There are 2 protein chains.
Amino acid sequence: MKRTAFFISDGTGITAETLGNSLLAQFDGIQFERITLPYIDSLEKAHAVVEQINDAIEKDQERPIILDTIVNLEIREYIAKCKGMMIDVFSTFLNPLEKELGVRSSYSVGKSHAIVEMNRYKSRIDAVNFALDNDDGARIQQYDKAEIILVGVSRSGKTPSCLYMALQYGIRAANYPLTEEDMANPGLPECLLAHRSKLYGLTIDPFQLAAIRHERRPNSRYASLDQCSFEVRTIERLFRDESLPFINTTTFSVEEIATRIISERKLNRRQ
Amino acid sequence: MKRTAFFISDGTGITAETLGNSLLAQFDGIQFERITLPYIDSLEKAHAVVEQINDAIEKDQERPIILDTIVNLEIREYIAKCKGMMIDVFSTFLNPLEKELGVRSSYSVGKSHAIVEMNRYKSRIDAVNFALDNDDGARIQQYDKAEIILVGVSRSGKTPSCLYMALQYGIRAANYPLTEEDMANPGLPECLLAHRSKLYGLTIDPFQLAAIRHERRPNSRYASLDQCSFEVRTIERLFRDESLPFINTTTFSVEEIATRIISERKLNRRQ
């Protein structure tokens, strides 16, 4: 069974597609074709959207799911004329919120992008620069400014996790790759000792690590299962010996790795 | 007026906080303290959440807004006993979706993190590595593999925008910083000529650019308003002369820059 799902917004479309994906994930027997239509901010664009929806009905012989977060009432009502199944997020939730808060909502698109947003932007860009500057143990002298330092073997997911924390939440995340040299010595590398409370370990299934490294450097010792198994075994022992918290990234998405660490370490999700 | 808002989930909490922030942005007269509580996946944790909510009621002397995307019915019902105002996303939308689709939803947390999610993970990590490898014109020989190449002066927002496209949508985005050397010659740098259809320009208000650069290199010629104005003027003229599409990033968030470019260039939001 196949259905088309449209996520429609007069803004970025991120809220609509995030919510839509969460809801559709609960229906695993059905294959959805997902189409995000952002910046639908004029009746002209709304008209084209309705045509696209009606075309999908003809193609699928089923009516599509339409999830929209359009703020403008006129545009929303225009799209509601289509023959899809409408899930209108704002009209569902804004009314009860208005009653609860005792004020009318402002019904304006992109409201969040004022001064608050500029500050958020700045803190996120700063955090991204921090993550890039402190990637792969490049600049350990900045570790005192880090909120978290991820420790793991090469290609265990440190960099994407740091970047996600930086971009999404403005968190200053550094990372340190444990090298073979480090592993030859007992205990933590000296440069990490002063920052013990900020350390968080990443580990990964050796087979997956080998597969990932193989794409980077095919048929190298670096990518061999023997080497990967050795490194993972050594680092997990280190995490346990040093009582460092750690997470196995094998079956987790970047979002999950980041939000689990943020949650455990009670870091601030700056929004 | 101040209110507390809780975004609660048995997963990452990203859907709850994304939707919650969109809704609360419509009430600009009210100051919200926002608290995201992810991974609330046991009755024990739910018990602690209810206590935290009731504490907030006492502190604020107003009931908090609770927006939850908890899938587990037992946990959801437990939290619904608190005295906050509940916005229960799944119970609101899953029922009508079940009727429309003619099947029961699976009510399972983290459903999306199966094989599909692993593939998504891989494509996103590949895209992040691509963005890092191709940052600041580092490896122009990979431009044929890029889906988009952002062009702009230093610190105009290229790197965060590329990383956002990579992390969120698995898009391979490279970027090229137009240097003073490039600006001394007419037209596009030669290495970009073959990729004209992938180019997208970023520009920025010279005052903001100067402020950003000043933090990086205080009191430098690089950060001077004269220099920034010159570079911005030159690059905007280039964009116009070469008929390149471009966006002024000054008042946009990273999400907005990325999604506007994706939308205009009809790139695939891989999910």
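Residues numbered from 1 in each chain as written. Chains lettered and ligands numbered in written order. Predicted model: local features only at pLDDT ≥ 70, side-chain atom pairs only at ≥ 80, totals over all residues. Heavy atoms only, no water.

**Looking at the nonpolar core**
Item 1. Ile148(A) and Ile148(B) are the most contacted members of the largest nonpolar core, which totals 54 residues.
Item 2. Non-local contacts of Ile148(A), meaning those with residues more than four positions away in its chain, are made with Met165(A), Ile171(A), Arg172(A), Ala173(A), Ala174(A), Lys198(A), Tyr200(A), Ile261(A), Arg265(A) and Leu267(A).
Item 3. Within the second largest apolar cluster, 40 residues are counted, among which are Ile30(A), Ala5(B), Phe32(B) and Leu67(B). (Core = buried A, V, L, I, M, F, W, Y, C linked by side-chain atoms within 4.5 Å. Buried < 20%, exposed > 50% of the residue type's maximum accessible area, 1.4 Å probe, protein only. Contact = heavy atoms within 4.5 Å.)

**Observations regarding the environment of Lys266(B)**
Item 1. Looking at the secondary structure, you find Lys266(B) in the segment after helix 11 (254-264).
Item 2. Measuring from C-alpha to C-alpha, the distance between Lys266(B) and Ser22(B) comes to 25 Å, with 244 residues separating the pair along the chain. (Helix = DSSP H or I, 4+ residues; strand = E, 2+ residues; numbered from the N terminus.)

**Points about the side chain of Asp133(B)**
Item 1. The residue Asp133(B) is located in helix 5 (residues 115-133) in this model.
Item 2. Here Asp133(B) falls in the buried class, since its relative accessible area comes to 16%.
Item 3. Reaching out from Asp133(B), the side chain makes a polar contact with the side chain of Arg216(A) at a distance of 3.3 Å.
Item 4. Ignoring anything within four residues of it in the chain, the contact list for Asp133(B) reads Arg216(A), Ala138(B), Arg139(B) and Gln142(B). (Polar contact = N/O pair within 3.5 Å; in protein donor to acceptor, adjacent residues only side chain to side chain.)

**A few points about the interface of chain B and chain A**
Item 1. Taken together, the 83 residues of chain B in the interface contact 84 residues of chain A.
Item 2. Where chain B packs against chain A, one counts ten salt bridges.
Item 3. Our count for the chain B to chain A interface comes out at 24 residue pairs in polar contact (both at pLDDT 80 or more).
Item 4. Per-element tally for the side of chain B that touches chain A: the top contributor is helix 5 of chain B, with twelve residues. (Salt bridge = Lys/Arg side-chain N within 4 Å of Asp/Glu carboxyl O.)

**Considerations on the relation of the copies chain B and chain A**
Item 1. The two copies are related by a screw motion: chain B maps onto chain A through a turn of 180 degrees and a shift of 0.0 Å along the axis, at an RMSD of 0.1 Å. Seen this way, the second copy is the image of the first under a two-fold rotation axis.
Item 2. Taken together, the interface assignments show that 100% of the residues at the interface of chain B recur at the interface of chain A, consistent with an identical surface on both copies. (Least-squares fit on C-alpha atoms with pLDDT ≥ 70 in both.)

**Here we look at the confidence of the model for chain A**
Item 1. In the predicted model, chain A carries a mean pLDDT of 90, and the fraction of residues at 70 or more is 95%.
Item 2. Both confidence scores are given for the complex: pTM 0.88, ipTM 0.88. (pLDDT = per-residue confidence, 0-100.)

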